[in-house]
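# Chain and residue survey
Now for the letters of each chain:
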Amino acid sequence: MEDSDKKEVLGLLAGSLNQAMRMYMENCARCGVCIEACHAYASTGDVRYSAVARAQNLRRVFEKNHSYTGKIAPWLNEAVELDARWMDKVYETAYTCTGCRRCMTYCPFGIDTQQIQAIAKAMLYAADMEPKPLTMKAKESAAKGQKLETAREKFQREIAAIRQELAEVFPGKSPEEIVPLDVKGADVLFVSMAERISILPAAKLFTAARTNWSLSYFEAVNFGAFLGVPQLTRQIYERITNEVEQLGIKTLVICECGTAFRLMKHMIGKRSFEVVTILQLLDRYIREGRIKLDKSVIEGRVTYHDPCQIGRSAGVYEEPRNCIRAVTDSFVEMHPNRMENWCCGGGGGLVIAAEPEFRMMTSRVKVDQIKATGADILTTACEMCYAQLKDLNEEYELDLRVSLVSELLAEALILD
Amino acid sequence: MADSFWYVVMVPMVYFSVAWCIAWGTVRVVEVLKAPKAPYTLRIFPVGSGSDDPPKSPLAGAFWDAFTMPTVRKHNPRLWVFLIVFHVSLVLLFLAHLDILPQINIMPVDSPHMLGYGAIGLVLAVCLLYLLFRRFRTPVREVSVPGDYLVLVLLLAAVITGDTISWGNSWSESGFVMTKADFGSYLDSLLKFTWADPRQFLSGSHYAVIGTHVLLANLFLIFLPFSKIMHFAFAVPLNKLRRG
C-alpha cells in the first residue's frame, strides 16, 4: 500500500470520528452479547461474522492511530498498522455486514455497527478496493442527475410499455394521466425503483385512489450510501430533493426500498416536504376507503419480512401489516419479527456486492424462519430484501411466491 | 528499604494515581465532547413507535438501559445476573471505602468490619472470576484482547488482596488487628495531606498485604482512563444515541 494511499485512507478514518464514532470505538467491552445477533454468525457459527469481530477490524486501526494505548502499548488492545493485508480485514468489515443494525438491539451500549461499517466502506473506496459493480451503479445514478434531458427522454421511453399496459386497465384515461410526469404542485412525488415491478402496482393503485401524483425520473435506491461515500450519496439523493422542490410537491413517497426511505426520512436533515413509504400512503388510502380490495384474490398463507431499514431503522412496522391484512385473512407472522426480525442477508448492497454463495450461506437462519411460518407467499417492503428472498427461495427450494406488498395490493384491487 | 517502598506506594503514589486518573479521564471525556455530533439520528425504533413519532423520554430510557442492561437480560440472562451483581457490588465497595473516612459512618465508628463484613469483596471476586473465565471460551475468546484480561486480572488481584486484609484482620488471637478506625486514620491523613507514614496507623502484621492492595488500586486507577472501564462515563450517552 502506497504511503499516499494510506494517508488518504487514514485521513478518512480521522475525519469520520464524530462523537458517536469515538464512543463506539472506545467503549466496546467485547462482552460478546452481540455475537448471537448477526444472521451471518447464526447461520455459519463463524465469529468473524459478528458485530464485535467486524468492528474490531477497524477498532484496531483506530487504536494504532487515535488512542494513547495504541501508541504506547499496542499489544494491549492489539493495535495494528494499516497495510494492504489489513485492508482485506477492512473489506470483511464492510462487505460481510448488511448494516441491518440488529446487533444494536443486543449491545448493552447500543453500538451501531453500521456506522463503523460505513467508515470501512469509505476507506475501501478511497483505496480503490470497493466492489466495482456498486461504484458503476452509483456513478450511473449520479450521471443521470447531471444529464437530465437525456435521462428524461430515456425514462419516458422505458415507461411507455407500462403506460400502455395500464391504459388497458383504465380505459378512458390517457397513458400520460395514468403514469404522470412533471406534474407541478402534485400532492405526491413517487420515487420508484425505475422498474416495472414498482411503477406498475403504484400507478394502478394511485390511479384507482385518484391521487394527484407525479412519477420521479429517478430511482430511489442510493448506491452511494451502499458505498459509504457521503459526496456520492448526496449527489444521488439531491436529484430527488431538487425534483420535489422544483415541482413544489409536499409529499415524497418512496417505493419499497429500505435504504432510500431511511436516507430520505431520517438522514438528509429537515426539508420542506414530508417523506413516507408507499405502504404508509396505501395504508391511509385503505383506511379512507380510497382503494377497495378483494380478499379472495390472494390465495394461501401470507407472511411478511420486516426490512431492517424500514422497520428497526425507521419505525414502519404496522402499515405494511395493515396492507397485507386488507388483502388476506391468512396472514402469519415470522418469529422473531418487527425490531427483532432476522435480516434477509442481502442488505447494505450485498445483493450486488457479495458473492451469491456467501449470501446464501449466511442466510440459513432466515430460511429456517421462513420455513417455520408455513407460508405460501412471502412478502416484503424493500427491493433489496425482495431480490435476496427470491434468491433464497430458489437456492433452498422453498417453493414460495415472493412478492412486494404493493404487488399484492395491486392484484387485489377492485376497479370501479 | 521495604518501609520506604510501602510509604511511596501508600502515600505519594496514591496522590499521583488519583490525579492521573482524574486528569486523563477528563481528557478522554473532553475529546469526545469536542468531536462533532453525528449528522443524523442513530435511533433504533422499538415496536410501537412510528416513523414520525418522537422518541419517548430518550434520556430516561438511556439511563434505564445503562443501569439495568435490558438487552443483556434478554439475550444472556446468566451474564446479566453476574453483571448486575458485579456493578451493584462495585457501588457498595465504593461506599465501603468511603465509609472508612471518619467523617462518614455507615458502619459504627468502633466497628472492626467494613461495610458488608467482607462479603462484598467475596461476591466481587466470584463475579470477576466468572467474567474472566467466560473470556476463555469460544466465541468470546476470539474477540477478546489482552487489555480485556488485564483489567479483569488487575481488579481481581485488588479484590483478593482486599479480601485478604479483611480475613487477615482476624488472625490475631485477641481479635481484630486493624479496625475501621485504623484505616480511617490512614485515609484521613491522605485527605489532609499530612504525608504521614501509614505504618503508624496500621499496626497489623499483614501490612504488606495492605500495601499490595493499595499498589494494585493505584495501578488500576492509572490504567482506568485508557481502558474500556471508561464506559462508566459513556454508557448513558451511548444509549441515548440508540434511543434517539
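Before reading on, note that the structure itself is shown above.
Quick summary incoming for the structure in this document. (Residues numbered from 1 in each chain as written. Chains lettered and ligands numbered in written order. Predicted model: local features only at pLDDT ≥ 70, side-chain atom pairs only at ≥ 80, totals over all residues. Heavy atoms only, no water.)

## Focus on the overall build of chain B
Let me state the cut-off plainly: Strands here mean DSSP runs of E at least two residues long; helices mean DSSP runs of H or I at least four residues long; both are numbered from the N terminus. Exposure categories follow from relative accessible area, calculated using a 1.4 Å probe and restricted to protein chains: below 20% of the type maximum is buried, above 50% is exposed, and the middle band is partly exposed. Whether two residues touch is decided by their heavy atoms; if any such pair falls within 4.5 Å, the residues are in contact. Shrake-Rupley sampling with a 1.4 Å probe provides the accessible areas, and residues are treated as covered by the protein chains on show and by no other component.
Scanning chain B from N- to C-terminus turns up 11 helices and zero strands. Out of the 244 residues belonging to chain B, those deemed buried represent 44%. The long-range share in chain B, meaning contacts at least 24 apart out of those at least 6 apart in sequence, stands at 75%. Counting every atom, chain B has about 12300 Å² of accessible surface; 72% of that belongs to carbon and sulfur.

## Some thoughts on the interface of chain B and chain A
To keep it simple, the criterion reads: Once two parts are put together, the accessible area they lose, assessed with a 1.4 Å probe and summed over both, is termed the buried area. Criterion for a salt bridge: a side-chain nitrogen of Lys or Arg within 4 Å of a carboxyl oxygen of Asp or Glu. N or O atoms within 3.5 Å of each other form a polar contact, as long as, within protein, one can give a hydrogen and the other can take it, and as long as residues adjacent in sequence are counted only when both atoms are side-chain atoms.
At the junction of the two partners, chain B supplies 54 residues and chain A supplies 52 residues. Between chain B and chain A, a total of about 4600 Å² is buried, with carbon and sulfur atoms accounting for 61% of that surface. Summed over the shared surface of chain B and chain A, the number is four salt bridges. Here B:D52 ties to A:K265 by a salt bridge, and the two come within 2.2 Å at their closest N and O atoms. Our count for the contact surface shared by chain B and chain A stands at 26 residue pairs in polar contact (both at pLDDT 80 or more). For the side of chain B that touches chain A, the secondary-structure elements that each account for two or more residues are α2 (12-34), α4 (70-75), α7 (140-143), α8 (146-168) and α11 (231-243) of chain B.

## Observations concerning a negative patch on the surface
Here is the rule: The patches reported here contain residues having more than 30% relative accessible area and no salt bridge. Joining distances are 9 Å for like charges and 5 Å for nonpolar side chains (Val, Leu, Ile, Met, Phe, Trp, Tyr). His is not counted here, nor are the chain ends, while Lys and Arg score as positive and Asp and Glu score as negative. Taken as the charge centre is NZ of Lys, CZ of Arg, CG of Asp or CD of Glu, depending on the residue.
A surface patch of negative charge is lined by A:E355, A:E357, A:D376, A:E394, A:E395, A:E397 and A:D399. With respect to the helices and strands, A:E357 occurs in helix α18 (residues 356-361).

## Re unusual backbone geometry
A:H335 connects to A:P336 through a cis peptide bond whose omega is -5°. Omega for the bond connecting B:T138 with B:P139 falls within 30 degrees of zero, at 5°, which places this linkage in the cis form. Looking at the secondary structure, you find B:P139 in the loop between α6 (119-134) and α7. The phi dihedral of B:Y117 falls on the positive side, at around 55°, and the residue is not glycine. Its identity as a non-glycine residue notwithstanding, B:F193 has a phi of 50°, on the positive side. Mapped onto the secondary structure, B:F193 falls in the loop between α9 (180-191) and α10 (207-223).

## Notes on a nonpolar patch on the surface
A contiguous nonpolar surface patch, about 590 Å² in accessible area, is contributed by B:V88, B:V91, B:L92, B:F94, B:L95, B:L98 and B:I106. Owing to a relative accessible area of 31%, B:L98 belongs among the partly exposed residues under this scheme.

## Details of the packing of aromatic side chains
We apply this condition: Whether two aromatic rings pair depends on their centres lying within 6.5 Å, for rings of Phe, Tyr and Trp, where Trp uses its six-membered ring; planes under 30 degrees apart make the pair stacked, over 60 edge-to-face, and the rest tilted.
One pass over the full model with this rule turns up 20 aromatic pairs over all chains. Residues A:Y68 and B:W24 carry aromatic rings whose centres are separated by 4.9 Å and whose planes lie at 65° to one another, so their mutual orientation is edge-to-face. Placement of A:Y68 in helix α5 (residues 68-72) and of B:W24 in helix α2 is noted, with the two residues assigned to different chains. Judged by its relative accessible area of 29%, A:Y68 falls in the partly exposed class. Judged by its relative accessible area of 25%, B:W24 falls in the partly exposed class. When the ring of B:F133 is compared with that of B:F136, the centres are 5.3 Å apart and the planes differ by 75°; the resulting orientation is edge-to-face. Ring pairing ties together the aromatic residues A:Y68, B:F16, B:W20, B:W24 and B:F226, which thus form one cluster.

## Description of the sheet that holds strand β6 (residues 331-332) of chain A
All names here are of chain A. Put simply, the rule reads: The rule for pairing is simple: two strands pair if DSSP sees at least two bridges between them.
Strand order across the open sheet formed by four strands is β6-β5-β7-β8, with parallel pairing between neighbours. The sheet is open, and its two edges are formed by β6 and β8 (401-404), each paired on a single side. Of the pairings in the sheet, the one linking strand β7 (residues 377-380) to β8 comprises four bridges and is parallel in character. Across the sheet, the residue bridging to T379 is S403, located in β8.

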